[in-house]
Amino acid sequence: MAAPDIANTWADIRQGVKDAEILIGQKKYNLSMIKSRQVLELMVNYLCSNASVAENDLASSIDVLYDYQWISKTTCEHYHKIRMLGNKAVHEGNDDAYDANQAYHLLSQEVYTFANEYKSKKGRPGAGSPGRSGQRPAGNRNQASRNTSSRNSGGRGYDSRSSGSRNSGSRNQRGSSSRSRRRQSSGGLPVSPVDLVRLGLAVVFIIIIVVLVRVLNPGKTDEDKETSSVAPTESFEMSTEPTTTAAPIPIETTAETTAAPVYKISADVLNVRSEPSTAGQKLGTLENGTIVDYVEDYDDEWAIINYNGTEAYINKQFLVQD
């Protein structure tokens, strides 16, 4: 499989995300979900090209990328969610606003991850990867063929496939081996009687040293007692002499100021909205690295900033503290 040009692919991905957002603003939710799925296909095809794997459908391609550790478990789940919402929009005519916004937000998050991690994975397959031969292990190939047969028998292609049945055999084996490794690593080191004896001897040795120091250097304690007993007499004699009170010296105090945290934009281009929603009016955009006047968090997804003298909203996941 020839590797696609990353420059052209990345430009198509960014344009696709913008188109999906515009379609949501126009309340064309069905077309927005379809566009999100098309952008997902661009990312998956690029990663499959770098991994030297080829599958018959998008669902199998996502599973292979996860099996060979080209994508994380969270990314795999997000990819399948975007895929299923797109399929529902194509085959069932779904035009739900909530589903469209969910697909768009998951896509935005994964495009950000793709830009920072996956698009730089050139010829670097993960553990268990097929390398450049493009061959998958026999167990996974058999599982993939069974999944393909079950999808074809559903009558609607890969829309009817349940995410819980994907590669159940290989994932259960991988989960069992990882749990076994965790049990081995968390067992701890055995403590032998010899180690306990050594620890007790070390404690006794420290106690002996402390006792010897106190016994061999008792003069210091007596000297401290003499000093404390003489001090009151000297203080009494000095008090009989006339004293002058000096004017108090003013102490300058400096107010400690705590520098306010600085917040910057981490996305290439981030939209500024009049409301905490992608359907809100677009007031402008902020480039990557722009310092913003942060006001407060609106909720888990949106943050309030001061934009041109008025309060506006931006997606909080692209706002980082410097």
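Our structure's up above, just so we're on the same page.
Residues numbered from 1 in each chain as written. Predicted model: local features only at pLDDT ≥ 70, side-chain atom pairs only at ≥ 80, totals over all residues. Heavy atoms only, no water.

S.K.: Looking at this model, I keep getting lost on the overall build of the protein chain. Mind explaining?
M.R.: Within the protein chain one finds 9 helices and 7 strands. In the protein chain, which comprises 322 residues, the share counted as buried stands at 33%. A total of about 20,100 Å² of accessible surface is found on the protein chain, and carbon and sulfur atoms cover 53% of it. (Helix = DSSP H or I, 4+ residues; strand = E, 2+ residues; numbered from the N terminus. Buried < 20%, exposed > 50% of the residue type's maximum accessible area, 1.4 Å probe, protein only. Areas by Shrake-Rupley, 256 points an atom, 1.4 Å probe, with all protein chains shown as cover.)

S.K.: Explain the pairing of strand β6 (residues 310-315) here, please?
M.R.: Regular strands place side chains that alternate from one sheet face to the opposite one. Looking at chain direction, strand β5 (residues 302-307) and β6 are connected through 6 bridges and run antiparallel. Each bridged residue has a counterpart across the sheet, and for Trp 302 the counterpart in β6 is Asn 315. Connecting β5 to the next strand, β6, in antiparallel fashion are 2 residues, including Asn 308 with a positive phi near 55 degrees. (Pairing = 2+ DSSP bridges.)

S.K.: Looking at this structure, I do not really get the packing of aromatic side chains. What am I missing?
M.R.: By convention here, two paired aromatic rings are described through the distance between centres and the angle between planes. As enumerated under the stated definition, the model contains 5 aromatic pairs in all. Pairing Tyr 112 with Phe 318 gives two aromatic rings, centres 5.5 Å apart and planes at 70 degrees, and the pair type is edge-to-face. In this pair, Tyr 112 sits in helix α5 (residues 97-116) while Phe 318 sits in the loop between β6 and β7 (319-321), placing the two residues 206 residues apart along the sequence. Three or more aromatic residues joined by ring pairs make a cluster, and in this case those are Trp 10, Tyr 46 and Phe 114. (Phe/Tyr/Trp six-rings, centres within 6.5 Å; stacked < 30°, edge-to-face > 60°.)

S.K.: Would you mind going over helix α4 (residues 73-92) with me for this structure?
M.R.: Given 3.6 residues per helical turn, the α-helix brings residues three or four places apart onto the same face. Compared with an ideal rise of 1.5 Å per residue, which puts 20 residues at 28 Å, α4 spans 28 Å between its outermost C-alpha atoms and is within 8% of the ideal. Gly 93 sits one or two residues past α4 and shows a positive phi near 70 degrees. (Expected span 1.5 Å × (residues − 1).)

S.K.: How do you make sense of the pairing of strand β4 (residues 291-297) when you look at a structure like this?
M.R.: Of the strand pairs in this sheet, strand β1 (residues 263-265) and β4 are connected by 2 bridges, and their pairing is antiparallel. Counted as the bridge partner of Tyr 263 is Val 292 from β4. Pairing between β4 and β5: 4 bridges, direction antiparallel. Each bridged residue has a counterpart across the sheet, and for Tyr 294 the counterpart in β5 is Ile 305. Turn length for the β4-β5 hairpin, with the two strands adjacent in sequence and antiparallel, is 4 residues.

S.K.: When you look at a nonpolar patch on the surface in this model, what are you seeing that I'm missing?
M.R.: Judged by side-chain polarity, Leu 199, Val 203, Val 204, Ile 207, Ile 208, Val 211, Leu 212, Val 215 and Leu 216 come together as a nonpolar surface patch covering roughly 860 Å² of accessible area. Considering the arrangement of structural elements, one finds Val 215 in helix α8 (residues 193-216). (Patch = residues over 30% accessible without salt bridge, like charges linked within 9 Å, V, L, I, M, F, W, Y side chains within 5 Å. Salt bridge = Lys/Arg side-chain N within 4 Å of Asp/Glu carboxyl O.)

S.K.: Teacher, can you tell me more about helix α1 (residues 6-25) here?
M.R.: With 20 residues, α1 ought to run about 28 Å at 1.5 Å a step, and its terminal C-alpha atoms sit 29 Å apart, in line with that. Within α1, burial applies to Thr 9, Trp 10, Ile 13, Gly 16, Val 17, Ala 20, Glu 21, Leu 23 and Ile 24. For α1, the arc enclosing every buried residue in end-on projection is 165 degrees, short of the 170-degree limit, so these residues lie on one face. Contacts from the buried residues of α1 go to α2 (29-51), α5 and β2 (269-273). Positive phi shows up at Lys 27, right after α1, with a value of about 65 degrees. (Arc of directions from axis to C-beta. Contact = heavy atoms within 4.5 Å.)

S.K.: I keep staring at the packing of α2 against α5 and nothing clicks. Help me out?
M.R.: Between two packed helices, what matters for the description is the angle formed by their axes and the separation of those axes. Interaxial distance between α2 and α5 falls to 9 Å at its minimum, and their mutual angle equals 25 degrees. Looking at the two axes, α2 sits roughly parallel to α5. Considering how the two elements wind past one another, α2 and α5 form a crossing that is left-handed. Of the residues in α5, those touching α2 at Tyr 29, Met 33, Ser 36, Val 39, Leu 40, Met 43, Tyr 46 and Leu 47 are Ala 97, Asp 99, Ala 100, Ala 103, Tyr 104, Leu 107, Glu 110, Val 111 and Phe 114. Grouping the amino acids of the contact of α2 with α5 by side-chain chemistry returns 14 nonpolar, 1 polar and 2 charged. (Axes fitted to C-alpha atoms, helices over the stretch in contact; angles between N-to-C directions. Parallel < 35°, antiparallel > 145°, perpendicular 65-115°, else oblique. Left-handed = near helix turned anticlockwise from the far one by under 90°. Nonpolar A, V, L, I, M, F, W, Y, C, P; charged D, E, K, R; others polar.)

S.K.: When you look at the pattern of salt bridges in this model, what are you seeing that I'm missing?
M.R.: According to the stated counting rule, one finds 3 salt bridges in the structure shown. When the shortest N-O distance is used, the salt bridge between Arg 273 and Glu 21 registers 2.0 Å. You can see Arg 273 sitting in strand β2 and its partner Glu 21 sitting in helix α1, a full 252 residues away along the chain. Note on Arg 273: relative accessible area 7%, which makes it buried. Take Glu 21: its relative accessible area is 12%, and that puts it in the buried class.

S.K.: Got a minute to help me understand the packing of α1 against α5 in this structure?
M.R.: In the contact formed by α1 and α5, the axes pass within 10 Å of each other and the chain directions differ by 160 degrees. Judged by the inter-axis angle, α1 sits roughly antiparallel to α5. The crossing of α1 and α5 is left-handed. On the side of α1, the interface is formed by Trp 10, Ile 13, Val 17, Ala 20, Glu 21 and Ile 24, while α5 contributes Ala 100, Asn 101, Tyr 104, Leu 107, Ser 108, Val 111, Phe 114 and Ala 115. Here the contact of α1 with α5 is composed, by residue class, of 11 nonpolar, 2 polar and 1 charged.

S.K.: How should unusual backbone geometry be read in this particular structure?
M.R.: Excluding glycine, a negative phi dihedral is what most residues carry, and trans is how most peptide bonds are arranged. Here Ser 52, not a glycine, exhibits a phi torsion of approximately 60 degrees, which is positive. With respect to the helices and strands, Ser 52 occurs in the loop between α2 and α3 (58-67). We classify Ser 52 as buried; its relative accessible area is 17%. Even without glycine at this site, Gln 69 takes up a positive phi of about 60 degrees. With respect to the helices, strands and loops of the structure, Gln 69 is situated in the loop between α3 and α4.

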